[in-house]
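# Results of the structural survey
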Amino acid sequence: MTSFGGPIAHLGYFHEEYVRRRKWMDEKSYADLVALSQFLPGPASSQVGIGIGVMRGGIFGGFISFLGFTLPSVIALILFTFLEQEFGVGDAGFIQGLKIVAVAVVAHAILGMAQNLTPDLTRKTIALFALIATLMIPHFLSQIGVILVAGLLGYFIFRSSQNEEQLSMTFPISKRFGGICLTLFFGLLAALPILSHFSSITWMSIFDSFYRAGALVFGGGHVVLPLLEREFVPTGLISEESFLAGYGAAQAVPGPLFTFASYIGADIGGWAGGLMATVAIFLPAFLLILGTLPFWYSLRQNRKIKGAFMGVNAAVVGILISAFYQPIWTSAILTPLDFALAALLFFMLVYLKLPPWIIVLSGAIGGSHITLF
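In this report, we go over the structure that sits alongside the text. It should be emphasised that the depicted structure is a prediction, and the values quoted were computed from it without experimental measurement.

So, how was this worked out
- Per chain, the residues get numbers from 1 upward, laid out in the order the sequence is written.
- Only residues with pLDDT of at least 70 get local features here, since the model is predicted, and only at 80 or more are side-chain atom pairs given and counted; chain-wide, interface and lining totals rely on the full set of residues.
- Excluded from the side-chain calculations are hydrogens and water; all other atoms, namely the structure's heavy atoms, are used.
- The secondary structure listing takes helices from DSSP runs of H or I that are at least 4 residues long and strands from runs of E that are at least 2 residues long, numbered from the N terminus.
- Think of it in three bands: residues with accessible area under 20% of the maximum for their type are buried, residues over 50% are exposed, and the middle band is partly exposed, with areas taken using a 1.4 Å probe on protein chains only.
- Note on contacts: a residue pair qualifies if any of its non-hydrogen atoms lie within 4.5 Å across the two residues.
- We call a set of buried Ala, Val, Leu, Ile, Met, Phe, Trp, Tyr and Cys residues a nonpolar core when their side-chain atoms join them within 4.5 Å.
- In this analysis, the expected span of each helix is defined as 1.5 Å times one less than the number of residues it contains.
- Side-chain rings of Phe, Tyr and Trp, where Trp is taken by its six-membered ring, are said to pair if the distance between their centres is within 6.5 Å; with planes under 30 degrees apart they count as stacked, over 60 as edge-to-face, and otherwise as tilted.

## As for the overall build of the protein
Counting its secondary structure elements, the protein contains 14 helices and zero strands. Counting from the amino terminus, the protein carries its helices and strands in the arrangement α-α-α-α-α-α-α-α-α-α-α-α-α-α. When burial is assessed residue by residue, the protein has 54% of its 373 residues classed as buried. Contacts in the protein between residues at least 24 apart in sequence constitute 76% of all its contacts with a sequence separation of at least 6.

## Section: the nonpolar core
Core analysis: the biggest nonpolar cluster contains 111 residues, and Tyr30, Phe210, Leu228, Phe260, Ile264 and Ile281 have the highest contact counts within it. In terms of residues, this core owes the most to one element, helix H11 (residues 260-301), which gives 16 residues. Non-local contacts of Phe260, meaning those with residues more than four positions away in its chain, are made with Leu77, Leu225, Leu228, Phe243, Gly246, Tyr247 and Ala250.

## Observations concerning helix H8 (residues 202-216)
Taking 1.5 Å per residue, 15 residues should reach 21 Å; H8 reaches 22 Å between its end C-alpha atoms and fits that length. Of all the positions in H8, only Ile206, Phe207, Asp208, Ser209, Phe210, Tyr211, Ala213, Gly214 and Ala215 are classed as buried.

## Things to note about the packing of aromatic side chains
Aromatic rings in a pair are described by how distant their centres are and how their planes are angled relative to each other. The tally for this structure, following the rule as stated, stands at 18 aromatic pairs. An angle of 25° between the planes, with centres 5.1 Å apart, marks the rings of Tyr18 and Trp24 as stacked. A centroid spacing of 5.2 Å and a plane angle of 65° characterise the contact between Phe66 and Phe282, whose relative ring orientation is edge-to-face. Placement of Phe66 in helix H3 (residues 44-83) and of Phe282 in helix H11 is noted, with a sequence separation of 216 residues between them. Per residue, the accessibility class of Phe66 equals that of Phe282, and both read buried.

## Section: the environment of Gly274
In this structure, Gly274 sits in helix H11. Setting aside residues up to four positions removed in sequence, Gly274 forms contacts with Ile78, Ser262, Gly265 and Ala266.

## Here we look at unusual backbone geometry
Of all residues except glycine, most have a negative phi; of all peptide bonds, most are trans. At Lys23, a residue that is not glycine, the phi angle is positive and equals roughly 55°. Locating Lys23 in the fold gives a position in the loop between helix H1 (7-21) and helix H2 (27-39). One non-glycine residue, Lys353, lies in the positive phi region at around 55°. Relative to the helices and strands, Lys353 resides in the loop between helix H13 (336-350) and helix H14 (356-370).

## Remarks on the environment of His108
Along the chain, the position of His108 falls in helix H4 (residues 92-117). For His108, a relative accessible area of 9% gives the class buried. C-alpha of His108 to C-alpha of His15: the two residues are 93 residues apart in sequence and 9.5 Å apart in space. Ignoring anything within four residues of it in the chain, the contact list for His108 reads Glu16, Arg20, Phe346, Leu349 and Val350.

Here it is, written out as C-alpha cells:
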C-alpha cells in the first residue's frame, strides 16, 4: 500500500521493514538476494519480496508475500480500467510528491547497506567501480557484467579472508523442488507458443504473450512496456490511447510496474482477464526465484566462494547508488523546493522514525502544494 517509487524504492522499503525493523534477514542475506534478482529476468523487486517470504515461511510464505506486495496495485489498476472515462491518472503534483518519497526511502536504504556491506576501502572501491560503470553504460547487461566482475575480484581479493560470520538464515526448499520449478519455467516457455499457435482459444494466445513478457524481460517494468505494446496494440486488443492511459496510472500506484498487465487484461476481458494477465506475467518470476534460490543458497554457504559474495555485495551498493541518481533523483528533484521536501521526508523517516504510510502521505500532500509555487 505504501511502496511507491519503482523497484529501487521497493528494495529500500524491504530493507527498512525486514532487515532493520523486524530483523528477519541479515544484511548479507538480503544483499545476496538482491544480487540474484539482478541476474534473473522479470520484476526484480517482486522476486526479492517472494524470496524474503520463502526464507521466512517456505513456499506458502513466498506466495503470501507476493499477494501482499502485488494485490493493492492489481486492484487499483483493474478498477482504473472501469473508471478510465471518468477519471484521469491523477494530479501531477501528487505523483511528483510520491517520486520525492522514493528519494528519501532509497537514500536511507543505501546508507544502511553501505555501512554494513562496504566497511573497508577495498569494498568501497568495488562499489565505486560499480557506480561508475552502470552510470556510464546505462543498460541492464552492464549490471549483470558488473556483478560478475565484482564477484571475480572478490574471489581473488577476499578468498583468504578469515571472516567467519555465521548467517542466520535457513532455507526451507530442496534442490529437487528447485529443479522442478526450473523445468516448469523452461517447459512453459517452450510449450505455450506451440499451444497458442495450434489452438483457436484467444486466451491461450494472450496468456502466452504475458508469460513470455515476464520470462524474457531484463531490466524491470519499464522495459516490458514495448513488448506489451507490440503484443496487444497492433492486434487491436487494446487501443493506443487506453494503453498509454493505463501506463500512466501504473506510475501512480504502489507496487511493481508489472501489474500494468492487470490493466491490459481487464481492458480486454474484465476482472477475469485482469487476474489471468497478472498470473501469467508473474508466474515466470515465481518459478525462477523458487528454482534458483536453493542452489544460490548452497553456493553462498561455500567457504571457497564467500569472498566472491563479499565483492558482489559491495557492487550491489554501487548499483543501487547509480539507480538512486538515475532515474530516481533526476526525475524527482527538479527544484530547490523538491530538495527541501526530500530533506524533510528523510528527517522524518530516519530521525523521527515515523511509519512509512505517514512519509508517503506527507510526500503526496507536499508534492501537491509544491506545484502551486
